[in-house]
Amino acid sequence: MDGRDTDDFGTAGTRENTVGEARDSRGLARFARPALIAGIVIAVVCVALLVIIFLLDSFNATVYSVGGKDVKDATDEARAIRDTYAAARVGGIIALVLGVVAALAGGFVLYRERNASARIEEDDDGQDWDYEDLAGE
């Protein structure tokens, strides 16, 4: 006919002939693996950033307290030391949360689609091929 299949109800649909077409029709599953990888990378980088910020804050507080002062004082100098890395800390926490959410979403989609394989039309008759068969020997 016109290259289309009809089901029992008479509606027409197209046949998926290649792996690319079947893979394109999977929807969110094609973005799941990159989202999982990007989320993990972002989360690891943000954890490293937050550890470095924590170490720098501790160092600054220690150096400030050598003179007998406390970083928790209400002075302008103590407040400036406390607020030195505030923006980086907030940005790191927000990016960490977004990275974890992206990794969890990607992992969930991959887990949900783990048994859905691309439909490939093969004529596999169950025959086992070894090297001699493939090499023509």
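In what follows, the structure referred to is the one given above.
Residues numbered from 1 in each chain as written. Predicted model: local features only at pLDDT ≥ 70, side-chain atom pairs only at ≥ 80, totals over all residues. Heavy atoms only, no water.

Peer 1: Lay out the overall build of the protein in plain terms, naming residues and giving numbers.
Peer 2: Secondary structure summary: the protein contains 5 helices and 2 strands in total. Going from the N terminus to the C terminus, the protein shows its helices and strands as β-β-α-α-α-α-α. Considering the protein as a whole, with its 137 residues, one finds that 12% of them fall into the buried category. Long-range contacts, defined as pairs at least 24 residues apart, comprise 63% of the intrachain contacts of the protein with a sequence gap of at least 6. Approximately 10,700 Å² of the protein is accessible, and the part contributed by carbon and sulfur atoms is 61%. (Helix = DSSP H or I, 4+ residues; strand = E, 2+ residues; numbered from the N terminus. Buried < 20%, exposed > 50% of the residue type's maximum accessible area, 1.4 Å probe, protein only. Contact = heavy atoms within 4.5 Å. Areas by Shrake-Rupley, 256 points an atom, 1.4 Å probe, with all protein chains shown as cover.)

Peer 1: Break down the pattern of salt bridges for me, with residues and values.
Peer 2: Counted by the stated rule, this structure contains 3 salt bridges. Of the charged contacts, one joins R89 and D57 as a salt bridge, the two residues approaching to 2.2 Å between their closest N and O atoms. Remark: D57 occurs in helix 2 (residues 29-65) and R89 occurs in helix 4 (residues 86-112); sequence separation between them is 32 residues. With a closest N to O distance of 2.8 Å, R79 and D76 form a salt bridge. Here R79 pairs with D76, and both are found in helix 3 (residues 76-82), just 3 residues apart, close to one helical turn. (Salt bridge = Lys/Arg side-chain N within 4 Å of Asp/Glu carboxyl O.)

Peer 1: Give me the lowdown on the packing of aromatic side chains, citing residues and values where you can.
Peer 2: Enumeration over the complete set of coordinates arrives at 0 aromatic pairs. Here the basic side chain of R114 rests over the ring of Y111, its NZ or CZ set 4.0 Å away from the ring centre. (Phe/Tyr/Trp six-rings, centres within 6.5 Å; stacked < 30°, edge-to-face > 60°. Lys NZ or Arg CZ within 6 Å of the ring centre and 35° of its normal.)

Peer 1: Residues and numbers for a negative patch on the surface, please.
Peer 2: A contiguous patch of negative charge, built from D128, D130, E132 and D133, is present on the exposed surface. Looking at the element boundaries, D128 is found in the loop between helix 4 and helix 5 (131-135). When its relative accessible area of 68% is taken as the criterion, D128 is described as exposed. (Patch = residues over 30% accessible without salt bridge, like charges linked within 9 Å, V, L, I, M, F, W, Y side chains within 5 Å. Lys, Arg positive; Asp, Glu negative; His and termini not counted. Charge placed at Lys NZ, Arg CZ, Asp CG, Glu CD.)

Peer 1: So, the environment of F31: which residues are in play, and what are the values?
Peer 2: Within the secondary structure, F31 sits in helix 2. Among the residues examined, F31 registers a relative accessible area of 52% and is labelled exposed. When the C-alpha atoms of F31 and L110 are compared, they prove to be 9.4 Å apart, with 79 residues separating the residues in sequence.

Peer 1: Which residues make up helix 2, and what are the values?
Peer 2: Each full turn of the α-helix corresponds to 3.6 residues, which orients residues three or four apart in the same direction. In a regular helix each residue adds 1.5 Å, so 37 residues correspond to 54 Å; helix 2 covers 53 Å between its end C-alpha atoms and thus fits that length. Listed in full, the buried residues belonging to helix 2 are A29, A32, G39, A43, C46, I53, D57 and Y64. Tucked into the core, helix 2 has its buried residues touching helix 3 and helix 4. (Expected span 1.5 Å × (residues − 1).)

Peer 1: Help me get a handle on a nonpolar patch on the surface, residues and values and all.
Peer 2: Taken together, the side chains of V47, V51, F54 and L55 define a hydrophobic patch exposed on the protein surface, amounting to about 390 Å² of accessible area. Positionally, V47 belongs in helix 2.

Peer 1: Quick rundown of helix 4? Include the residues and the values.
Peer 2: With 27 residues, helix 4 ought to run about 39 Å at 1.5 Å a step, and its terminal C-alpha atoms sit 39 Å apart, in line with that. The set of residues buried in helix 4 consists of G92, G99, A103, G106 and V109. For helix 4, the secondary structure elements touched by its buried residues are helix 2.

Shape descriptors only; they carry no functional weight alone.
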